[in-house]
Amino acid sequence: MAGTHGGTADPSDARARRAAGHRPRRSFPLVPLMGLVWFAAAFYPVYYMFISSLREQGDYLEGSPWLPPLDPVVGNYTEVLRSGLALYFLNSLFVVTLSVGLIVFVSFLAAYVIARISSRAVRAVFTTFLMGLAIPLQAAIIPVYLLIVELGLYDTLYALIPPQVAFGIPLTVLILVNFIRDIPNDLFDAMRIDGGGHRRALRTLVLPLSRPALVTVVIYNALQAWNNFLFPLVLTQSANVRTIPLALQQFQGQYGVDVPGLMAAVLLSTLPIVVLYIVARRQLLGGLTAGFGR
(Lines give C-alpha, C1' and ligand atoms only; values in the text may rest on other atoms or scores of the structure.)
Protein backbone atom coordinates (compact mmCIF):
# COMPACT_ATOMS: atom_id res chain seq x y z
CA MET A 1 0.00 0.00 0.00
CA ALA A 2 2.79 2.39 0.80
CA GLY A 3 4.38 1.74 -2.55
CA THR A 4 1.10 2.38 -4.40
CA HIS A 5 -0.46 5.29 -2.55
CA GLY A 6 2.62 6.94 -0.96
CA GLY A 7 4.06 8.11 -4.26
CA THR A 8 6.93 5.60 -4.38
CA ALA A 9 7.63 4.20 -7.86
CA ASP A 10 7.16 0.48 -8.32
CA PRO A 11 10.27 -1.15 -9.81
CA SER A 12 8.08 -3.68 -11.61
CA ASP A 13 6.34 -0.85 -13.54
CA ALA A 14 9.69 0.45 -14.78
CA ARG A 15 10.70 -3.02 -15.91
CA ALA A 16 7.37 -3.44 -17.67
CA ARG A 17 7.78 -0.16 -19.55
CA ARG A 18 11.27 -1.12 -20.67
CA ALA A 19 10.03 -4.49 -21.78
CA ALA A 20 7.26 -2.79 -23.80
CA GLY A 21 9.82 -0.71 -25.68
CA HIS A 22 9.44 2.56 -23.77
CA ARG A 23 12.96 3.97 -23.49
CA PRO A 24 13.92 7.33 -21.98
CA ARG A 25 14.38 10.11 -24.51
CA ARG A 26 17.88 11.21 -25.27
CA SER A 27 18.60 14.89 -25.59
CA PHE A 28 19.72 16.15 -29.00
CA PRO A 29 23.53 16.62 -29.07
CA LEU A 30 23.33 20.34 -29.80
CA VAL A 31 26.62 21.32 -28.19
CA PRO A 32 28.78 18.76 -30.08
CA LEU A 33 27.01 19.67 -33.32
CA MET A 34 27.67 23.37 -32.80
CA GLY A 35 31.29 22.52 -32.01
CA LEU A 36 31.64 20.66 -35.31
CA VAL A 37 30.06 23.56 -37.22
CA TRP A 38 32.43 26.02 -35.57
CA PHE A 39 35.44 23.80 -36.32
CA ALA A 40 34.44 23.50 -39.98
CA ALA A 41 33.91 27.26 -40.31
CA ALA A 42 37.24 28.02 -38.62
CA PHE A 43 39.28 25.35 -40.38
CA TYR A 44 38.04 25.86 -43.94
CA PRO A 45 39.97 29.14 -44.57
CA VAL A 46 43.20 27.40 -43.52
CA TYR A 47 42.38 24.42 -45.72
CA TYR A 48 41.55 26.72 -48.65
CA MET A 49 44.82 28.64 -48.28
CA PHE A 50 46.80 25.40 -48.16
CA ILE A 51 45.27 23.82 -51.26
CA SER A 52 45.48 27.14 -53.10
CA SER A 53 49.19 27.42 -52.30
CA LEU A 54 49.71 24.06 -54.05
CA ARG A 55 48.32 25.33 -57.37
CA GLU A 56 50.06 27.14 -60.17
CA GLN A 57 49.05 30.70 -60.96
CA GLY A 58 47.72 29.71 -64.38
CA ASP A 59 45.65 26.87 -62.96
CA TYR A 60 44.30 28.74 -59.94
CA LEU A 61 40.81 29.28 -61.36
CA GLU A 62 40.54 25.78 -62.79
CA GLY A 63 39.05 22.85 -60.92
CA SER A 64 36.97 22.79 -57.77
CA PRO A 65 38.06 25.14 -54.96
CA TRP A 66 36.91 22.51 -52.45
CA LEU A 67 39.32 19.82 -53.63
CA PRO A 68 43.14 19.75 -53.66
CA PRO A 69 44.82 20.05 -57.07
CA LEU A 70 45.48 16.92 -59.07
CA ASP A 71 49.10 17.96 -59.65
CA PRO A 72 50.23 19.82 -56.50
CA VAL A 73 53.36 21.93 -56.72
CA VAL A 74 55.63 23.38 -54.04
CA GLY A 75 57.16 26.01 -56.29
CA ASN A 76 55.16 28.75 -54.59
CA TYR A 77 56.91 28.09 -51.28
CA THR A 78 60.37 28.08 -52.85
CA GLU A 79 59.56 31.29 -54.71
CA VAL A 80 58.39 32.91 -51.50
CA LEU A 81 61.63 31.97 -49.75
CA ARG A 82 63.68 33.32 -52.66
CA SER A 83 61.79 36.64 -52.58
CA GLY A 84 63.35 37.60 -49.25
CA LEU A 85 60.79 36.28 -46.78
CA ALA A 86 63.60 35.21 -44.44
CA LEU A 87 64.74 38.84 -44.07
CA TYR A 88 61.19 40.06 -43.49
CA PHE A 89 60.71 37.26 -40.99
CA LEU A 90 63.79 38.34 -39.03
CA ASN A 91 62.65 41.97 -39.15
CA SER A 92 59.25 41.05 -37.72
CA LEU A 93 60.85 38.81 -35.11
CA PHE A 94 63.15 41.66 -34.01
CA VAL A 95 60.28 44.12 -33.68
CA VAL A 96 58.00 41.64 -31.91
CA THR A 97 60.66 40.51 -29.43
CA LEU A 98 61.65 44.01 -28.31
CA SER A 99 58.08 45.34 -28.33
CA VAL A 100 56.58 42.46 -26.34
CA GLY A 101 59.50 42.42 -23.91
CA LEU A 102 59.12 46.12 -23.13
CA ILE A 103 55.33 45.90 -22.92
CA VAL A 104 55.34 43.00 -20.48
CA PHE A 105 58.20 44.38 -18.34
CA VAL A 106 56.71 47.86 -17.91
CA SER A 107 53.14 46.62 -17.55
CA PHE A 108 54.02 43.98 -14.96
CA LEU A 109 55.78 46.49 -12.71
CA ALA A 110 53.02 49.06 -13.15
CA ALA A 111 50.30 46.49 -12.49
CA TYR A 112 51.95 45.40 -9.24
CA VAL A 113 52.15 48.98 -7.98
CA ILE A 114 48.55 49.69 -8.97
CA ALA A 115 47.25 46.48 -7.37
CA ARG A 116 49.22 46.63 -4.11
CA ILE A 117 49.70 50.36 -3.34
CA SER A 118 46.67 52.52 -2.66
CA SER A 119 47.25 56.24 -3.14
CA ARG A 120 45.84 59.12 -5.13
CA ALA A 121 48.87 59.25 -7.42
CA VAL A 122 48.63 55.54 -8.22
CA ARG A 123 44.93 55.83 -8.99
CA ALA A 124 45.66 58.77 -11.31
CA VAL A 125 48.28 56.69 -13.15
CA PHE A 126 45.83 53.80 -13.53
CA THR A 127 43.19 56.19 -14.88
CA THR A 128 45.72 57.47 -17.40
CA PHE A 129 46.37 53.91 -18.57
CA LEU A 130 42.64 53.29 -18.93
CA MET A 131 42.26 56.46 -20.98
CA GLY A 132 44.80 55.03 -23.38
CA LEU A 133 42.32 52.29 -24.28
CA ALA A 134 39.99 54.92 -25.75
CA ILE A 135 42.54 56.29 -28.25
CA PRO A 136 42.23 54.62 -31.68
CA LEU A 137 45.51 53.75 -33.32
CA GLN A 138 44.45 55.30 -36.63
CA ALA A 139 43.58 58.61 -34.97
CA ALA A 140 47.09 59.01 -33.55
CA ILE A 141 49.11 57.97 -36.58
CA ILE A 142 49.98 61.56 -37.67
CA PRO A 143 51.35 62.61 -34.23
CA VAL A 144 53.21 59.29 -34.06
CA TYR A 145 54.74 59.92 -37.49
CA LEU A 146 55.88 63.44 -36.55
CA LEU A 147 57.33 62.20 -33.27
CA ILE A 148 59.27 59.39 -34.95
CA VAL A 149 60.67 61.81 -37.55
CA GLU A 150 61.78 64.23 -34.81
CA LEU A 151 63.52 61.38 -32.97
CA GLY A 152 65.43 60.44 -36.12
CA LEU A 153 64.04 56.91 -36.20
CA TYR A 154 62.11 57.12 -39.47
CA ASP A 155 62.70 54.25 -41.91
CA THR A 156 64.30 52.02 -39.28
CA LEU A 157 63.03 49.00 -37.41
CA TYR A 158 63.37 50.96 -34.17
CA ALA A 159 60.63 53.30 -35.41
CA LEU A 160 58.08 50.50 -35.04
CA ILE A 161 58.83 49.70 -31.40
CA PRO A 162 57.81 52.85 -29.39
CA PRO A 163 54.27 53.17 -30.85
CA GLN A 164 53.71 49.43 -30.54
CA VAL A 165 54.74 49.57 -26.89
CA ALA A 166 52.64 52.66 -26.20
CA PHE A 167 49.45 51.13 -27.61
CA GLY A 168 50.09 47.72 -26.02
CA ILE A 169 50.66 48.83 -22.44
CA PRO A 170 47.12 50.01 -21.45
CA LEU A 171 45.29 46.73 -22.08
CA THR A 172 48.20 44.69 -20.70
CA VAL A 173 48.19 46.70 -17.48
CA LEU A 174 44.43 46.23 -17.11
CA ILE A 175 44.69 42.44 -17.51
CA LEU A 176 47.62 42.09 -15.11
CA VAL A 177 46.08 44.38 -12.47
CA ASN A 178 42.91 42.29 -12.34
CA PHE A 179 44.96 39.10 -12.08
CA ILE A 180 47.29 40.36 -9.34
CA ARG A 181 44.32 41.63 -7.33
CA ASP A 182 42.97 38.08 -7.28
CA ILE A 183 46.04 36.81 -5.41
CA PRO A 184 44.98 36.30 -1.75
CA ASN A 185 46.18 38.97 0.65
CA ASP A 186 47.14 36.27 3.15
CA LEU A 187 50.07 35.34 0.91
CA PHE A 188 51.34 38.92 0.90
CA ASP A 189 50.86 39.15 4.69
CA ALA A 190 52.87 35.97 5.17
CA MET A 191 55.60 37.35 2.91
CA ARG A 192 55.65 40.60 4.91
CA ILE A 193 55.84 38.76 8.25
CA ASP A 194 58.72 36.72 6.87
CA GLY A 195 60.61 39.95 6.24
CA GLY A 196 60.15 40.16 2.49
CA GLY A 197 59.65 43.48 0.78
CA HIS A 198 58.09 44.42 -2.51
CA ARG A 199 61.03 43.17 -4.57
CA ARG A 200 60.93 39.72 -2.99
CA ALA A 201 57.15 39.52 -3.22
CA LEU A 202 57.31 40.51 -6.86
CA ARG A 203 59.96 37.92 -7.69
CA THR A 204 58.96 34.91 -5.59
CA LEU A 205 55.19 35.34 -5.23
CA VAL A 206 53.57 37.47 -7.91
CA LEU A 207 55.71 36.37 -10.84
CA PRO A 208 55.12 32.59 -10.47
CA LEU A 209 51.39 32.98 -9.76
CA SER A 210 50.93 35.40 -12.67
CA ARG A 211 52.41 33.07 -15.27
CA PRO A 212 49.05 32.30 -16.99
CA ALA A 213 48.24 36.01 -17.29
CA LEU A 214 51.75 36.79 -18.52
CA VAL A 215 51.53 34.11 -21.20
CA THR A 216 48.16 35.51 -22.26
CA VAL A 217 49.43 39.06 -22.70
CA VAL A 218 52.61 37.82 -24.42
CA ILE A 219 50.62 35.93 -27.04
CA TYR A 220 48.13 38.75 -27.50
CA ASN A 221 50.77 41.45 -27.93
CA ALA A 222 52.94 39.23 -30.12
CA LEU A 223 49.97 38.66 -32.39
CA GLN A 224 49.22 42.38 -32.55
CA ALA A 225 52.83 43.32 -33.29
CA TRP A 226 53.34 40.52 -35.82
CA ASN A 227 50.22 41.45 -37.83
CA ASN A 228 50.56 45.22 -37.55
CA PHE A 229 50.40 46.80 -41.00
CA LEU A 230 49.83 50.51 -40.37
CA PHE A 231 53.05 51.31 -38.51
CA PRO A 232 55.40 49.69 -41.08
CA LEU A 233 53.42 51.32 -43.90
CA VAL A 234 53.71 54.85 -42.48
CA LEU A 235 57.00 54.75 -40.60
CA THR A 236 59.19 52.85 -43.10
CA GLN A 237 59.82 52.95 -46.82
CA SER A 238 62.97 50.91 -47.59
CA ALA A 239 62.70 47.30 -48.71
CA ASN A 240 65.29 46.07 -46.20
CA VAL A 241 63.17 47.16 -43.20
CA ARG A 242 59.92 45.62 -44.35
CA THR A 243 58.02 43.35 -41.99
CA ILE A 244 55.89 40.35 -42.88
CA PRO A 245 52.50 42.14 -43.35
CA LEU A 246 54.02 44.83 -45.55
CA ALA A 247 56.05 42.31 -47.54
CA LEU A 248 52.90 40.49 -48.61
CA GLN A 249 52.12 43.45 -50.87
CA GLN A 250 54.83 42.39 -53.29
CA PHE A 251 52.67 39.50 -54.50
CA GLN A 252 50.32 42.05 -56.06
CA GLY A 253 51.31 43.00 -59.59
CA GLN A 254 50.11 45.71 -61.93
CA TYR A 255 47.34 43.63 -63.49
CA GLY A 256 46.62 40.96 -60.93
CA VAL A 257 47.54 39.16 -57.72
CA ASP A 258 49.66 36.03 -57.43
CA VAL A 259 47.09 34.29 -55.23
CA PRO A 260 48.89 30.92 -54.82
CA GLY A 261 52.12 32.71 -53.91
CA LEU A 262 50.24 34.98 -51.52
CA MET A 263 48.60 32.00 -49.83
CA ALA A 264 51.99 30.30 -49.42
CA ALA A 265 53.46 33.46 -47.89
CA VAL A 266 50.53 33.88 -45.51
CA LEU A 267 50.79 30.28 -44.32
CA LEU A 268 54.52 30.61 -43.69
CA SER A 269 54.02 33.92 -41.88
CA THR A 270 51.48 32.41 -39.47
CA LEU A 271 53.70 29.52 -38.37
CA PRO A 272 55.49 31.39 -35.50
CA ILE A 273 52.21 32.47 -33.88
CA VAL A 274 50.72 28.98 -34.29
CA VAL A 275 53.81 27.40 -32.70
CA LEU A 276 53.71 29.92 -29.86
CA TYR A 277 50.06 29.13 -29.21
CA ILE A 278 50.63 25.36 -29.27
CA VAL A 279 53.52 25.62 -26.81
CA ALA A 280 51.70 27.91 -24.37
CA ARG A 281 48.05 26.94 -24.90
CA ARG A 282 47.59 25.57 -21.37
CA GLN A 283 48.84 28.74 -19.70
CA LEU A 284 46.84 30.80 -22.21
CA LEU A 285 43.58 29.10 -21.26
CA GLY A 286 44.41 29.53 -17.59
CA GLY A 287 44.98 33.25 -18.10
CA LEU A 288 41.78 33.72 -20.10
CA THR A 289 39.69 32.03 -17.40
CA ALA A 290 41.46 33.72 -14.49
CA GLY A 291 39.05 35.28 -12.05
CA PHE A 292 36.08 33.04 -12.89
CA GLY A 293 34.93 31.01 -9.93
CA ARG A 294 37.15 32.85 -7.48
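Just so you know, these numbers come straight off a predicted model, no measurement behind them.

Of the regular secondary structure elements, the protein holds 15 helices and zero strands. For the protein, with 294 residues in total, the buried portion stands at 33%. Long-range contacts, defined as pairs at least 24 residues apart, comprise 74% of the intrachain contacts of the protein with a sequence gap of at least 6. Of the roughly 18800 Å² of accessible surface on the protein, a fraction of 66% belongs to carbon and sulfur atoms.

In this section: the packing of helix H10 (residues 198-209) against helix H11 (residues 211-227). For the pair H10 and H11, interaxial distance at closest approach is 4 Å and the crossing angle is 60°. Facing H10, whose interface residues are Leu207, Pro208 and Leu209, H11 presents Arg211, Pro212 and Leu214. Here the residues of the contact of H10 with H11 sort into five nonpolar, no polar and one charged.

Turning to the side chain of Ser210, a few remarks are in order. In this fold, Ser210 is placed in the loop between H10 and H11. A residue is classified by how much of its surface remains accessible, and Ser210, at 1% relative accessible area, is buried. Discounting chain neighbours no more than four positions away, the residues touching Ser210 are Phe108, Phe179, Ile180 and Ile183.

Moving on, we get to the packing of aromatic side chains. In the structure shown here, the tally under the stated rule is seven aromatic pairs. Here Phe89 and Trp226 contribute two aromatic rings whose centre-to-centre distance is 5.5 Å and whose plane-to-plane angle is 75°, an arrangement assigned as edge-to-face. Taken together, the residues Phe89 in helix H5 (residues 85-116) and Trp226 in helix H11 connect sequence positions 137 residues apart. In this structure, Arg116 packs its charged tip against the face of Phe188, placed 3.7 Å from the ring centre.

Moving on: the UniProt feature "transmembrane region" (unreviewed entry) in the protein. Here the UniProt feature "transmembrane region" (unreviewed entry) sits at residues 27-50, 85-112, 124-148, 160-180, 201-223 and 261-280. Across residues 160-180 one finds 95% helix and 0% strand; the C-alpha atoms that close the span lie 30 Å apart. As annotated, residues 201-223 comprises 96% helix and 0% strand, and the C-alpha atoms at either end are separated by 30 Å.

A surface patch of nonpolar side chains, about 470 Å² in accessible area, is lined by Trp38, Phe39, Phe43 and Val46. Structurally, Val46 can be placed in helix H3 (residues 30-53). For Val46, a relative accessible area of 39% translates into the label partly exposed.

Attention shifts here to the nonpolar core. Core analysis: the largest hydrophobic core is formed by 60 residues, its most contacted members being Phe108, Tyr112, Val173, Leu176, Ile180, Val206 and Leu235. Among the elements that make up this core, the one with the highest residue count is H5 (13 residues). Residues within four places of Val173 in sequence aside, it is in contact with Ser107, Ala110, Ala111, Ile114, Phe126 and Phe129.

Given a rise of 1.5 Å per residue, 21 residues ought to cover 30 Å, and the 30 Å separating the end C-alpha atoms of helix H14 (residues 259-279) matches this to within 8%. In H14, a bend of some 35° at Leu271 exceeds every other bend along the element, and Pro272, a proline, comes one to four places later. All of the buried residues along H14 are Val259, Pro260, Gly261, Met263, Ala264, Ala265, Val266, Leu267, Ser269 and Ile273.

Residues of H10 that are buried: Ala201, Leu202, Leu205 and Val206. On an axial view of H10, the arc spanned by its buried residues comes to 130°, and they lie on one face. If you follow the buried residues of H10, they end up packed against H5, helix H8 (161-181) and helix H9 (185-193).

Our focus in this paragraph is a negative patch on the surface. On the surface, a cluster of negative charge is made up of Glu56, Asp59, Glu62 and Asp71. What makes Asp71 exposed here is its relative accessible area of 65%.

This brings us to the packing of H5 against H11. Helix-helix packing is described using two parameters, namely the angle between the two axes and the distance between the axes. At their nearest, the axes of H5 and H11 sit 9 Å apart, and the two run at 140° to each other. If you check the angle between H5 and H11, you find them oblique. Pair H5 / H11 crosses with right-handed handedness. Listed contacts from H11 to Phe89, Ser92, Leu93, Val96, Val100, Ile103, Val104 and Phe108 of H5 are Leu214, Val217, Val218, Asn221, Ala222, Ala225 and Trp226. A breakdown of the residues in the contact of H5 with H11 according to their chemical character gives 13 nonpolar, two polar and no charged.

Definitions and cut-offs
Residues numbered from 1 in each chain as written. Predicted model: local features only at pLDDT ≥ 70, side-chain atom pairs only at ≥ 80, totals over all residues. Heavy atoms only, no water. Helix = DSSP H or I, 4+ residues; strand = E, 2+ residues; numbered from the N terminus. Buried < 20%, exposed > 50% of the residue type's maximum accessible area, 1.4 Å probe, protein only. Contact = heavy atoms within 4.5 Å. Areas by Shrake-Rupley, 256 points an atom, 1.4 Å probe, with all protein chains shown as cover. Axes fitted to C-alpha atoms, helices over the stretch in contact; angles between N-to-C directions. Nonpolar A, V, L, I, M, F, W, Y, C, P; charged D, E, K, R; others polar. Phe/Tyr/Trp six-rings, centres within 6.5 Å; stacked < 30°, edge-to-face > 60°. Lys NZ or Arg CZ within 6 Å of the ring centre and 35° of its normal. UniProt positions renumbered as here; feature names shortened; annotations may be inferred. Patch = residues over 30% accessible without salt bridge, like charges linked within 9 Å, V, L, I, M, F, W, Y side chains within 5 Å. Salt bridge = Lys/Arg side-chain N within 4 Å of Asp/Glu carboxyl O. Core = buried A, V, L, I, M, F, W, Y, C linked by side-chain atoms within 4.5 Å. Expected span 1.5 Å × (residues − 1). Bend = angle between axes of the 7 residues up to and from the residue. Arc of directions from axis to C-beta. Lys, Arg positive; Asp, Glu negative; His and termini not counted. Charge placed at Lys NZ, Arg CZ, Asp CG, Glu CD. Parallel < 35°, antiparallel > 145°, perpendicular 65-115°, else oblique. Left-handed = near helix turned anticlockwise from the far one by under 90°.

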